Structures are given as structure tokens and as C-alpha cells.
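As a plain string of letters, each chain reads:
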Amino acid sequence: MNPSNNFDKVRSDITWIISTRPDLVAKAKLIAQGKYNPNQDDSLNKDELTFLRCLLNLIIVNPNDLHGKVYVTDNVESRSHLTASSITIANWINGIFSFPLFFFLLESTFFPIFAGMVAMLATGGVLGIGNIFGASVAKCRKGNRSWSLWGGLLALVGLNVIQTGATGIGVEMMNNRSELNRIYATKIANNYLTDKENQITYLQQSENPIYLNVKERCDVGTTQFNTLPPSHPNRDALYVSLYGAFAQKDTNWNNLPFEKLPVCRQVTRLENEKNQELETAILSYQNLLTERSQTGSDLVFLEKFAPQVFNEHFTAQGDIKSGTILVGLATTEVFNKISSGKWTELGLSYFIFILSAITSIASCVMALTHALSKDVQNSYDPQLQIIIDDYFQEMRQALMSAQANDTHIIPEIDPTIQSLENSYYHEYEPNDMGTGNINYPLPEGDEKE
């Protein structure tokens, strides 16, 4: 490039900067006057800025992190903002509607206020991880593509699948809590009545060891008594030990202690007690079935007729006590309805579930396509950085040559603006981070293929 062409190119470049980037013109003035302070806009120290930047990146995806600084066009910047917004929106939707899952899971362990605080921290943690994974995919570069792109994409997809499911479950718990309470109450009522039925079966089939021992003694004694002749001297004594004296025939045996009863009267006592217990259990079971049917609500039925069981599983307001059980029940209900095609029964849960799925898929696809974009890859390209540095070095040399010859490159412009000639190289020194968003064509003959 000869000096004349250099001067013409610099004129063109400076004219373009003046017309499109007044902020750079103002900065050039300050540099030329020796008044420019790179940190003049920073009211916080470096550590504070780093902390705030990290905190902000956990809340939203920074679009400036989704591209390099070598060559950033308006298209790259626009796509970075769109991609960052899609990832952030998807993660916020998943986070907001996953909050009930964390809250109800912790509610039984902590007071509601503390449960809410811990749930918010957990939701924020998941939100931050989602933003980090999304950004790692969208800002991958050639040098680390093998791990940053596909590893980050796998993590992002997996996290979004889990969050989408958690979103549907969280909304189901929040929107359909009374139905979940009813379903769980029905399960507990069934278990309660099944236990009663098992008790009846046990009474019918089991034998008391004391009864078996006394029954055996009664049977042996009765057999022996029947084999003795009427004149046998021990026959009357044996009868008395088995059934009591003849004079006691009108005695109410129920009023005597068990140990004072004759052997066969003990058998009768034990059989009567067992029959009475069995009859009471059957009658109680039948009454419970009747009351359950008449009550119409298993929750009310348990509270009224099984208060101990009710207090074990439910709060005074009739809500499920255990957060783990509530989450498990909601999970089962959501996926049972989805697998059986009863999607409309999910109501709001279905809408949020679909919304979460759509935004999650969109964010994953946009992150991947953004990362593979040629323009985005150019923004990280070190070879392009060298080309741009060489280009600006030539411009700097042209300016220095003009200054040495006392030649103004743009003599017709305001003298103040001519300070750009002296400060141009401050903006574009070799080995700088890049052109930034100048939206200016690449140097002629050096376009990237």
C-alpha cells in the first residue's frame, strides 16, 4: 500500500468513524488532550465489579459473553442478545415454576419462612447453573469445542429436561394441592380399612396358646371322664375339676376370675371372649365402611374416625405433612396423566409444562446454532485478530507519516476533530482485544472465507 493510498484509506476510515461513532470521537478528543481516564466511569473497585458481574451472570446470561472481541458485527451482537434472552427466559420460566417443588419439599422440615428462603436459594442455584451451561454452549470457540460445545450441550439438555419435568410437578402441587390431598387421603383410608380387615382375618385364623393348652387339658379330661365307670372313686372329682360341682350349676361363671374356673369352663370363657372380640371387630369394620360411604370425603372420614392416623399424615388444615410424599405423589400424577393421554386433566400444569418444554428446546437450539455461526466463530478467530492488528498498524504508520510531514489527512474538518489523527492508534493498537462492535468491513483482500 503506497502512501497516497494509505492517506486515502485513513481519510475514509476517519470519516466513517465520525459519522457512525460519535462516542469514539469524544474519546479521541480526551486522549489527544491527555484527559482520558479508562476508569472514569467505574464507581466501584475491581473486586466489587467482578463480584457484581459474577452475580449478574447467575441471574441473566450476558450477551457480551456469547461472542469474542475480534470482529463483532451488528448481526453478531443482535444474535447474541436474542440467544442470551432465550436462554435467560427459559431458565427463569423453569426456575419460577420449579420453586413450589422446592418449597413444598422443604416445608415439612423448616418453618414456612425458612422453607421459602431455602427454596429461593435452591431455585437461584438451578437458575445460575442453567445460565452457565447455556452460555458455555453459546460462546464455544474452535479451541475448546469438543468439551465446551457438546459437553455443555449435553448438560444443558439434561438440565432442561429435569427442569421441565420439575416445572410441571411444581405447578401441579401449587395448583392442584386439594386433589393431591384427596388422593393421598383415599390411599391412607384404604390402608386403614385393610388393616382392620387383616385384624379380622387374624382373629379368625389364629389360636391363643393359652386356649390351646386349656382346650387340650379339657379334651383329655373329658375323654378320661367318659371312660370311667360311674362307681369309680375319682370320677366325681374329675368332673368337678372339669366343669365344677353340681351345686354350682346355676353359678354365673363370668363373675369368677379366669384362674378359679374349672378347666372346661376356662375353654368356654376363652372361646366366648374370642367370639366377642371377632364380632366386635367385624361390626366395627362394617360401621367404618358405612361411615366412609356416608361421609363422602376420606379426609373427613380419617379426621373423624381415625384421628391418630389423620394427625400422622396430615396437618390440621388437611394438607399432606410430608413434602417428600407430596412431591412423589405429584410426580406420579403428572406422568400418569401424560402417559395415559389425559393431558387436559393437568390444566395449568399442562400449559406451563408445554411452555417450559418449548422455551427449553428453543434455548438449546438457539445456543447451538449461535455457537456454530460463522460470524460468532470469527469473533474468536486469532488469525483474523492478526489481520486486523496488521491493518490498524498500517493505518497508524500512515498517521505517523502524515504527522512527520505536517500533513493533515482531513484538512477540511474542524480542528478539534483532527485530534483523531493523533489519537487514532490509541483505539486500535496492535494486540488490542479487537475491533469491538465497529460494524466496519474487513480490510480489503483479507475477508475471512
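Above this text is the structure in question.
Since this is a predicted model, take the numbers as computed values, not measurements.

About the criteria used
Residues numbered from 1 in each chain as written. Predicted model: local features only at pLDDT ≥ 70, side-chain atom pairs only at ≥ 80, totals over all residues. Heavy atoms only, no water. Helix = DSSP H or I, 4+ residues; strand = E, 2+ residues; numbered from the N terminus. Buried < 20%, exposed > 50% of the residue type's maximum accessible area, 1.4 Å probe, protein only. Contact = heavy atoms within 4.5 Å. Areas by Shrake-Rupley, 256 points an atom, 1.4 Å probe, with all protein chains shown as cover. Disulfide = S-S within 2.5 Å. Phe/Tyr/Trp six-rings, centres within 6.5 Å; stacked < 30°, edge-to-face > 60°.

Engineer: With reference to specific residues and values, describe the overall build of the protein.
Structural biologist: Of regular secondary structure, the protein possesses 17 helices and zero strands. Across the 449 residues of the protein, 38% fall into the buried class. The long-range share in the protein, meaning contacts at least 24 apart out of those at least 6 apart in sequence, stands at 73%. Accessible area of the protein: about 25600 Å², with a carbon and sulfur share of 58%.

Engineer: Go over the state of the cysteines, please, and point to the residues and values.
Structural biologist: Here the structure, examined in full by the defined rule, presents one disulfide. Here Cys218 connects covalently by a disulfide to Cys264, the sulfurs 2.0 Å from one another. Negative torsions about the S-S bond denote left-handed disulfides, and the value of about 105° found for Cys218 with Cys264 makes this one right-handed. Separated by 46 residues along the polypeptide, Cys218 in helix α8 (residues 209-227) and Cys264 in helix α10 (residues 263-295) bring together distant segments of the chain. Residues Cys218 and Cys264 agree in their burial class; the two are buried.

Engineer: Before we move on, can you summarise the packing of aromatic side chains with the specific residues and values?
Structural biologist: Inspection of the entire model under this criterion finds five aromatic pairs. Each ring, one from Phe225 and one from Tyr239, has its centre 5.5 Å from the other, and the planes form 45°; the classification is tilted. Linking Phe225 in helix α8 with Tyr239 in helix α9 (residues 235-243), this pair joins segments that are 14 residues apart in sequence. Relative accessible area serves as the criterion here: at 12%, Phe225 is assigned to the buried category.

Honestly, that's just the spatial picture; any functional story needs more than this.
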